[in-house]
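# A closer look at the structure
In case you want the letters, here they are:
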Amino acid sequence: MNRRLLVFPHSHFCEKARWALDFKGLPYQEEVVMPGVHLKTIRRVAPGTTVPVLIEEGTEGAADTVIQGSSRIIDYLEQHYPENSLTPSDAGLRQQCLALESQLATQLGEQLRSIRYHTLLAQPDYLEYCFMQGKPTWKRWLFRGMLPVLKKKIYQAYVVSDTNIDEVKQAFGQAMEALAEQLSDRQYLVGDTFTRADLSVASMLSLLVMPQQHPFAWQQAPRVNADTEAALASYQDHPVADWVRRIYRQHR
């Protein structure tokens, strides 16, 4: 079966879907979409404009299956490819697992996205590296031409204001401390095995920790500015960061 995953290469939400596919051993072709232009690209196949989008081509004249959003992609994979399950079979644990994915992972992912963009918007070379991996030179030039408009859109959507970022940073720090306490006496978030809750939270925080097992080549990215470096360094020795590294080593 021809299976495609439309992504922004660095996106932690895309990493969540990509990791689920890899964990289940399902082959797929990753397609990098260009920001801005992606609005039309995604609308051709899906109702919204966000990535990731999983497309499984239909056989014998059947329509393609299109799943948009990382959690919905995992739901679909669990239903149609139950091997290497990521969802507990116990009803109570399953409910707890899905709640953590929906609330904690999404909360952390959205907060971290805002925090990172707040400093990275001042670094066009870093943004180009993140968004344009695998794209030809002419598309990189196009990206540079579109960058002023893209930066404005990203700022309005995810940064909003310095005051907003201060509040986001405070909420993120509190969430990290609560997560550290939750993990203080356990290896996994739910039960005794690796689940979609662990995969989701680790994926969301990969944008902060940048583990070596992550398929995106963080190590080759342009050097970040002092503000970004300080923000990253402040969490590198955090117990949750250590947990993310371990989850990646053992399951990625």
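These figures come from a predicted structure and were not determined experimentally. The numbers attached to residues start from 1 for each chain and follow its sequence in the written order. Per-residue local features are limited, in this predicted model, to residues with pLDDT of at least 70; the limit for side-chain atom pairs, both in listing and counting, is 80 or more; totals at the level of whole chains, interfaces and linings are taken over all residues. Side-chain numbers come from the whole structure's heavy atoms, not from hydrogens or water.

### Description of the environment of Val 32
Inspection of the secondary structure puts Val 32 in strand β2 (residues 29–32). Here the alpha-carbon distance between Val 32 and Pro 9, two residues 23 residues apart in the chain, equals 6.4 Å. When neighbours within four sequence positions are excluded, Val 32 is seen to be in contact with Val 7, Pro 9, Phe 131, Gln 133 and Lys 135. Think of it this way: any DSSP run of H or I at least four residues long counts as a helix, any run of E at least two long counts as a strand, and we number them from the N terminus. Note on definitions: a residue-residue contact is assigned when non-hydrogen atoms from the two residues lie within 4.5 Å.

### Re the packing of aromatic side chains
Note on aromatic pairs: the rings of Phe, Tyr and Trp (six-membered ring only in Trp) are paired at centre separations within 6.5 Å, and the planes decide the class, stacked below 30 degrees, edge-to-face beyond 60, tilted for the rest. Following the criterion strictly, the structure yields ten aromatic pairs and no others. Consider the rings of Tyr 76 and Tyr 81, whose centres lie 6.4 Å apart with planes at 70°: the pair is edge-to-face. With respect to class, Tyr 76 is no different from Tyr 81; both count as buried. Ring geometry for Tyr 129 versus Phe 216: centroids 5.5 Å apart, planes at 70°, classification edge-to-face. Each residue gets one of three labels from its accessible area relative to the maximum for its type: buried under 20%, exposed over 50%, partly exposed in between, using a 1.4 Å probe on protein chains only.

### Some remarks on unusual backbone geometry
The residue after Val 51, namely Pro 52, is reached through a cis peptide bond having omega 10°. Positionally, Pro 52 belongs in the loop between α2 (38–43) and β3 (53–56). Even without being a glycine, Asn 84 presents a positive backbone phi close to 55°. The exposure class of Asn 84 is partly exposed, given its relative accessible area of 43%. Phi is positive for Met 210, close to 50°, though the residue is something other than glycine.

### Details of the pattern of salt bridges
We define a salt bridge as a side-chain nitrogen of Lys or Arg found within 4 Å of a carboxyl oxygen belonging to Asp or Glu. A full pass over the atoms with the stated rule returns 14 salt bridges. The salt bridge partner of Asp 242 is Arg 245, with a shortest N-O separation of 2.8 Å. Placement of the pair is Asp 242 and Arg 245 together in helix α10 (residues 239–251), with a separation of three residues, close to one helical turn.

### Some remarks on the pairing of β2
Here, a strand pair is defined by DSSP locating no fewer than two bridges between the strands. With four bridges connecting them, strand β1 (residues 3–7) and β2 associate as parallel partners. Within β2, the position partnered with Leu 6 by the bridge is Glu 31. By convention a crossover is right-handed if, when the strands point away from the viewer, the path from the first strand over the helix to the second runs clockwise. Read from β1 through helix α1 (residues 12–23) to β2, the crossover connection turns out right-handed.

### Notes on the environment of Gln 123
Within the secondary structure layout, Gln 123 lies in the loop between α4 (91–120) and α5 (124–131). Through-space distance from the C-alpha of Gln 123 to that of Arg 223 is 9.5 Å; in sequence the pair is 100 residues apart. Dropping the residues within four chain positions of it, Gln 123 is found in contact with Arg 223, Val 224, Asn 225 and Thr 228.

### Observations concerning the pairing of β3
Burial of the side chains of β3 extends over both faces: Val 53 and Ile 55 are buried on one face and Leu 54 and Glu 56 on the other. Summarising the sheet, β1 and β3 pair through four bridges and their orientation is antiparallel. Its bridge partner lying in β3, Leu 5 is registered against Leu 54. Sheet topology places β3 next to strand β4 (residues 65–68); four bridges connect them, and they run antiparallel. Within the sheet, the bridge partner assigned to Glu 56 lies in β4 and is Thr 65.

Purely geometric numbers; function is a separate question.
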